[in-house]
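Next come the chains, spelled out residue by residue.
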Amino acid sequence: MNRLVCLSLLCLSGLVPLQAQYRVRHYTIRDGLAQGGAYYMLKDSRRYLWFLSEDGLTRFDGTRFVNYFSSKTDPASGPTGDTGSGLVEAANGDLWFGTEQCLNHYHRPTNRFTTVFARDAQGKSIPAQTHVFATDSTRIWYINQAEGLLSLDWKTGERKRHSAALRHNSDFGNDYIRHHPQAPEIWMLMPDKGVLAFNYQTRKTRYFFSSRPDNQAGDILTFSALYPERDGTVWLAGKAALVALDPATGQFQTYNMPSTLGSGGISGMDSDSRGTLWLGTKGDGIYQFSKTERRWAGIIRHDPYDVNSLATNTVSELLIDPEGVVWVNADPMGVDQLTPDFYGVRQYQVNPFRPPSLSTNTVWKLVEDRQGQIWIGTYMGGIDVLNPDTERVRHYDKTGKPGSLPGRVIFALYADRRGRIWIGADDSFCYFNASADSFVPIQWIKTNFTQNGLRVVAVWEEADGRLLLATRSGMYRYNPATNRITLLAEPEVAFSRTLHYDSTTRYLFAGRRLRDLICYRMEGDSLCVQYTALPTLGVQDITPDKDPTRLWVATTNGLYLLRAADGKILRSWNEKDGLPHRVVYSALPDRLGRRWLSTNRGIAVLDPQTGQISQVQSIEPAEFNNSAYLLTSSGEMYFGSTSGLYRFDPLRQRFQQQAVTVNLTRLLINDRPIDLDSSLAEIHRIVLQPDQRTLTLQFGAIDYFSGGQNRYRYRLKGYDQNWVESGLANTARYANLPPGDYTFEVLAADAEGRWMNQPRRLAVVVKPAIWQTDWFKAVSLLLLGGIIYAGFRRYLRRRLRQQRREFRLQATTQQAERERIARDLHDHIGPDLVALKLQLEAIREDKADLSLRQMLNQTIAQANRIVTDLRQVSHALMPVNLQQQGLIDTLEDFIRQVTAGPNSPEINFTHELAASLPETIQQSLLQIAKELIHNALKHAQPTVIDVELYQENGRVLLAVSDNGQGYNPELVMQQARGIGFRNIQAVVKQLKGQLEIVAKPTGGMRHLVEVSAYKE
């Protein structure tokens, strides 16, 4: 009842409630405010917002609050005094404000505070309540109770008293004293009645609306706020009237206050760029006065049933910043932010005290009837019908009575060409009879199926009036004329709540729930699958493009633009492209061709020409629902969510470029915060010592439109090759940074997804440790080279001495063995064979028989061969070198002998044996290696031979490769004609090993022998 009375009074006064034109956001102590109010507010040149309260100074960037409190242990870390009074920014970016103690100075580069106290007659500093009200290019203007009106040169610190008669009066509100922007005058409300203007150049004072005899204009009036305009006009607000005064002529105009204004009166004023004067009141909200039309334009008030209203009607201070955002001191409820609503969004929810009210906040389906009414299908609330003109809502619910709605969960709503509304409710299907205001359930005749209780989730009307029905158990066609229903396809498939039928191609597009997109071709009373696309994705919406060959598909994992003929993906968008959330419910086109995307976290707009996605900030990031979207015949859009229904005109106003900057908010070195001598926002270069190799940077956008939903990208030039897309994450961490010079750059996207042009930069220098410097590396390299050279020379000398000893020993041993063999042959076998030979020759001389002589000749020749073979057998015995030097050295000696000639090939020998091998294995490997090298030299004519010998996992591997003439390894393995190759096979077989021969792709052969390292 009280609310209806208030609305009636507003209508009678001609004032228009303006809450719907703004999005209101409330900030409280819980969000980070130092206190439940801000008596003075300022948007500085760096776009930071500052709040001055009774408990210190607060900085705000749209997301994060930083509070500065007074401190006895560290006075320079915060203000001196608790109750702030007046707040200005000097031309150099420093802040000045007053408290009950003194004048305070916030030095931005150092992030520290200093003070300027009043002085008594002896020049001694004394506390005095101080109020700061203005600044110009060189001076800070303030007034205190001890000295009067003063100015301070912020460059030199020189103070100047302009008037001792004018004193600070704490009984007035915030706006009792102002500096005129176009004249050297200070305007001040008088403690009794009227207003004065003090010229600080001439030191003359003029009085207006006062009881003084030198009053220059107007009857006696009491004012509570003043606001000097740049055009010279001074606005004065009292309880009964608003006065526009021209100080130059003394002429003024008076405008009566609205009849709805209570006894509290006006507490503060500010002006916006549209020519509107905003007046905060002491209990009646905010009034707007049009300066161009000279009339009261509207009112913004607190509504206990509307969260999108002021937190309180008591507004002691308000600020309109350069970006058009209105900041309201809602003490003790905090601070309110009023952002102009670009689209005039209207939200409908369940609220019986604030009609129109929905039956439930969960909206599932929307459709417009021929009368322009909006049918709202809900979850567990039946159907609401909204009249957009009158904003009245009528409800339909399941009551069990004849003609009532058959179900409370509305899966489908559809308006056919005749204007009939079809409804899929629970497991029933019906239509609305407008003349009887009732619902008619369909008792259809089944033709080719027997299933009961079909849950219809989507409807599409064909050209002949028949209806295609997507259900949770197949696709059907219903003929309203005959009341017959026919199964078309897939009775076991649950379809999603969207359909699209192209009558030209006869393609029916549907989503199989949480499976894919399926395209059917209509063939009479059956559907043939044309193709499927987007596997494993849940299809939420299917909408044709203005180009009929393309299709927009919203899914549970982004938005897709497909070629309708075959389902080929032409383009896709996801969160990294600017989507508020990966789950997209709609791609609704407006009249400009843009696509409006409802998601699980708000609504965004896609420009298909540029691919740019912009989030609609005037709509809270609510969770929307699929199939709950509508473009009406009037061009308005409706979107259903889990928190009600949203309505707006997408063409009411285009997107505006919002100012957004980014700054560093925290710096950690080696994962520990560091103390800086200056404000982090003012730092542009840091130097890390050699033991400081891990750098963590936190950053934040200064943006008052996005509610902290800014996206970021960053890079460390000199380290990162590309930009790092961090999304909403605002931290970059680099570990083990090499010494060098880097530049950290970070960008933020504004409220509509557009990136700022210039990044915030921070130069980072990582100093090298002493061992990482160039001179240390050069000296170390020289020393290392010297050590290696000395060690190598020592090794060569030691190796040379060792080789000489081995050569001498080998020579001695070989000579002894040769002597032993010669002695044995000479003393035993040799003489016996020679004697036998002589006897045979004697017999040959004595016998004249020719046949016998031939036989003796053969015998003598055979004896000669035996002597020769005996010598060969003696040389084939176990080599002396193998016993003394081992396998490696013996093989190396053999290779040196082979390559000693002028035309010998290059033989590379690499080896790695972990342990000593049995003598039999060494002898066998030596024999195999010699034979393979001999075969390569004899038959392959190579220029390079590689010999490898190494031990691995209890096996010994010998590989001999060459780059000579190759051969067919399979043929050689099968025939093995050469005696040498047969010997190799026999030895390998005896050792139970393996022999592999491979023809190399680059030419030549590779022979690999693998045997056990242990004697079996």
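Residues numbered from 1 in each chain as written. Predicted model: local features only at pLDDT ≥ 70, side-chain atom pairs only at ≥ 80, totals over all residues. Heavy atoms only, no water.

Participant: Account for the overall build of the protein, with residues named and values stated.
Facilitator: Assigned secondary structure in the protein consists of 8 helices and 73 strands. Relative to its full complement of 1016 residues, the protein shows a buried share of 49%. (Helix = DSSP H or I, 4+ residues; strand = E, 2+ residues; numbered from the N terminus. Buried < 20%, exposed > 50% of the residue type's maximum accessible area, 1.4 Å probe, protein only.)

Participant: Got a sec to walk through a nonpolar patch on the surface? Specific residues and values, please.
Facilitator: On the surface, Ile 770, Trp 771, Trp 775, Val 779 and Leu 783 cluster together to form a nonpolar patch covering roughly 590 Å² of accessible area. With respect to the helices, strands and loops of the structure, Val 779 is situated in helix H2 (residues 774-846). Look at Val 779 and you get partly exposed, because its relative accessible area is 41%. (Patch = residues over 30% accessible without salt bridge, like charges linked within 9 Å, V, L, I, M, F, W, Y side chains within 5 Å. Areas by Shrake-Rupley, 256 points an atom, 1.4 Å probe, with all protein chains shown as cover. Salt bridge = Lys/Arg side-chain N within 4 Å of Asp/Glu carboxyl O.)

Participant: Tell me about unusual backbone geometry, and name the residues and values.
Facilitator: Cis geometry marks the peptide bond from Asp 331 to Pro 332, where omega comes out at 5 degrees. On the secondary structure map, Pro 332 appears in the loop between strand E29 (326-329) and strand E30 (335-340). Its identity is not glycine, yet Leu 514 carries a phi of approximately 60 degrees, on the positive side. With respect to the secondary-structure elements, Leu 514 resides in the loop between strand E46 (507-512) and strand E47 (516-523). For Leu 514, a relative accessible area of 61% translates into the label exposed. Even without glycine at this site, Asn 953 takes up a positive phi of about 55 degrees. With respect to the helices, strands and loops of the structure, Asn 953 is situated in the loop between strand E70 (944-952) and strand E71 (955-962).

Participant: So what's going on with the sheet that holds strand E37 (residues 421-425)? Which residues, and what values?
Facilitator: Spatial ordering of the open sheet is given by E36-E37-E38-E39, a layout of 4 strands whose pairing is antiparallel. Of all the strands in the sheet, just strand E36 (410-415) and strand E39 (438-441) have a single pairing partner and so form its edges. The mean angle between the axes of side-by-side strands here comes to 25 degrees, regardless of whether they run parallel or antiparallel. (Pairing = 2+ DSSP bridges. Axes fitted to C-alpha atoms, helices over the stretch in contact; angles between N-to-C directions.)

Participant: I'd like a description of the UniProt feature "transmembrane region" (unreviewed entry) in the protein, backed by residues and values.
Facilitator: In this numbering, the UniProt entry assigns the feature "transmembrane region" (unreviewed entry) to residues 775-796. The distance from the first to the last C-alpha atom of residues 775-796 is 31 Å, and the span holds 100% helix and 0% strand. (UniProt positions renumbered as here; feature names shortened; annotations may be inferred.)

Participant: Explain the confidence of the model for the protein to me, and be specific about the residues and the numbers.
Facilitator: Residues at a pLDDT of 70 or more form 90% of the protein, whose mean pLDDT is 87. Per-residue pLDDT stays below 50 along residues 1-12; that stretch engages in 9 contacts with residues further than four places along the chain or on separate chains. Predicted confidence is poor over residues 871-878, with pLDDT under 50, and the contacts of this stretch with residues over four places away or in other chains come to 3 contacts. (pLDDT = per-residue confidence, 0-100. Contact = heavy atoms within 4.5 Å.)

Participant: Give a detailed account of the pattern of salt bridges, specifying residues and quantitative values.
Facilitator: If you walk through the whole model with that rule in mind, you get 42 salt bridges. Between Asp 74 and Arg 112 there is a salt bridge, with its nearest N and O atoms 2.8 Å apart. Of this pair, Asp 74 sits in the loop between strand E5 (65-68) and strand E6 (85-89) while Arg 112 sits in strand E9 (residues 112-116), and the two are 38 residues apart along the sequence. Classification of Asp 74 by relative accessible area gives partly exposed; the value is 29%. We note a salt bridge from Glu 490 to Arg 512, for which the minimum N-O separation is 2.9 Å. Of the two residues, Glu 490 is situated in the loop between strand E44 (484-489) and strand E45 (495-502) and Arg 512 in strand E46; the sequence distance between them amounts to 22 residues. Note on Glu 490: relative accessible area 17%, which makes it buried.

Participant: Tell me about the environment of Glu 158, and please be specific about residues and values.
Facilitator: Positionally, Glu 158 belongs in the loop between strand E14 (148-153) and strand E15 (159-163). The sequence separation of Glu 158 and Arg 139 amounts to 19 residues, and the corresponding C-alpha distance is 9.3 Å. The residues contacting Glu 158, other than those within four sequence positions of it, are Arg 139, Ser 151, Leu 152 and Asp 153.

Participant: With reference to specific residues and values, describe the environment of Leu 52.
Facilitator: Relative to the assigned elements, Leu 52 resides in strand E3 (residues 49-53). Sequence spacing of Leu 52 and Gly 37 is 15 residues, and the spatial spacing of their C-alpha atoms is 8.6 Å. The residues contacting Leu 52, other than those within four sequence positions of it, are Ala 38, Tyr 39, Tyr 40, Leu 57, Gly 84, Ser 85, Gly 86, Leu 87, Phe 97 and Gly 98.

Participant: Just give me the short version of helix H5 (residues 887-898), but keep the residues and values in it.
Facilitator: With 12 residues, H5 extends 16 Å from end C-alpha to end C-alpha; this agrees with the ideal 16 Å at 1.5 Å per step. Of all 12 residues in H5, 9 are buried; the element is thus mostly enclosed. All of the buried residues in H5 are Leu 887, Ile 888, Asp 889, Thr 890, Leu 891, Glu 892, Asp 893, Phe 894 and Ile 895. (Expected span 1.5 Å × (residues − 1).)

Participant: For the packing of aromatic side chains, give the residues involved together with the corresponding values.
Facilitator: The final tally for this structure, using the stated rule, is 54 aromatic pairs. Between the aromatic rings of Phe 60 and Phe 65, the centroid separation amounts to 4.1 Å while the plane-to-plane angle is 15 degrees, which identifies the pairing as stacked. Residue class for Phe 60 comes out buried when judged on its relative accessible area of 0%. Relative accessible area serves as the criterion here: at 15%, Phe 65 is assigned to the buried category. One aromatic cluster is present, formed by Phe 699, Tyr 712, Tyr 714, Tyr 719, Tyr 734, Tyr 742 and Phe 744 through successive ring pairs. Of note, Arg 713 hangs over the ring of Trp 755, and the distance from its end group to the ring centre comes to 3.8 Å. (Phe/Tyr/Trp six-rings, centres within 6.5 Å; stacked < 30°, edge-to-face > 60°. Lys NZ or Arg CZ within 6 Å of the ring centre and 35° of its normal.)

Participant: Can you break down a positive patch on the surface residue by residue, with the values?
Facilitator: Together, Arg 793, Arg 794, Arg 797, Arg 798, Arg 801 and Arg 805 make up a region of like positive charge exposed at the surface. Relative to the helices and strands, Arg 797 resides in helix H2. (Lys, Arg positive; Asp, Glu negative; His and termini not counted. Charge placed at Lys NZ, Arg CZ, Asp CG, Glu CD.)

Participant: Summarise the side chain of Arg 760; cite the residues concerned and give the values.
Facilitator: Its location among the elements puts Arg 760 in strand E68 (residues 760-766). Here Arg 760 sits buried without a salt bridge, and the closest side chain of opposite charge, Glu 682, lies 7.5 Å off (N-O distance). Separated by 3.4 Å, the side chain of Arg 760 and the backbone oxygen of Leu 680 make a polar contact. At 3.5 Å, the side chain of Arg 760 and the side chain of His 684 are in polar contact. (Polar contact = N/O pair within 3.5 Å; in protein donor to acceptor, adjacent residues only side chain to side chain.)

Participant: I'd love a proper account of the nonpolar core, names of residues and values included.
Facilitator: Formed by 33 residues in total, the largest nonpolar core has its most connected members in Leu 891, Leu 925, Ile 928, Val 947 and Leu 958. Top contributing element to this core by residue count: helix H6 (residues 919-940), with 8 residues. Apart from residues lying up to four places away in sequence, Val 947 is in contact with Leu 891, Ile 907, Asn 908, Phe 909, Thr 910, Ile 933, Leu 958, Ala 959 and Val 960. (Core = buried A, V, L, I, M, F, W, Y, C linked by side-chain atoms within 4.5 Å.)

Participant: Please give an account of the pairing of E15 that cites residues and values.
Facilitator: Here 4 bridges tie E14 to E15, and the two strands are oriented antiparallel to one another. When the sheet's bridge partners are listed, Leu 150 is paired in E15 with Arg 161. In this structure, the hairpin formed by E14 and E15 is closed by a connection of 5 residues, where Gly 157 is found at a positive phi of approximately 85 degrees.

Participant: Any details on the pairing of strand E58 (residues 637-641)? Residues and values, ideally.
Facilitator: Most of E58 is tucked away: 5 of the 5 residues are buried. In E58, alternate side chains face the same way, and those of Met 637, Phe 639 and Ser 641 on one face and Tyr 638 and Gly 640 on the other are all buried. When strand E57 (residues 624-631) meets E58, the two strands line up antiparallel, connected through 4 bridges. Among the inter-strand pairings, Leu 630 is bridged to a residue of E58, identified as Tyr 638. With antiparallel pairing between neighbouring strands as the criterion, E57 and E58 make up a hairpin whose turn holds 5 residues, including Gly 635 at a positive phi of roughly 95 degrees. Where E58 lies against strand E59 (residues 644-648), 5 bridges are found, and the strand directions are antiparallel. If you follow Ser 641 over to E59, its bridge partner there is Gly 644. Connecting E58 to the next strand, E59, in antiparallel fashion are 2 residues.

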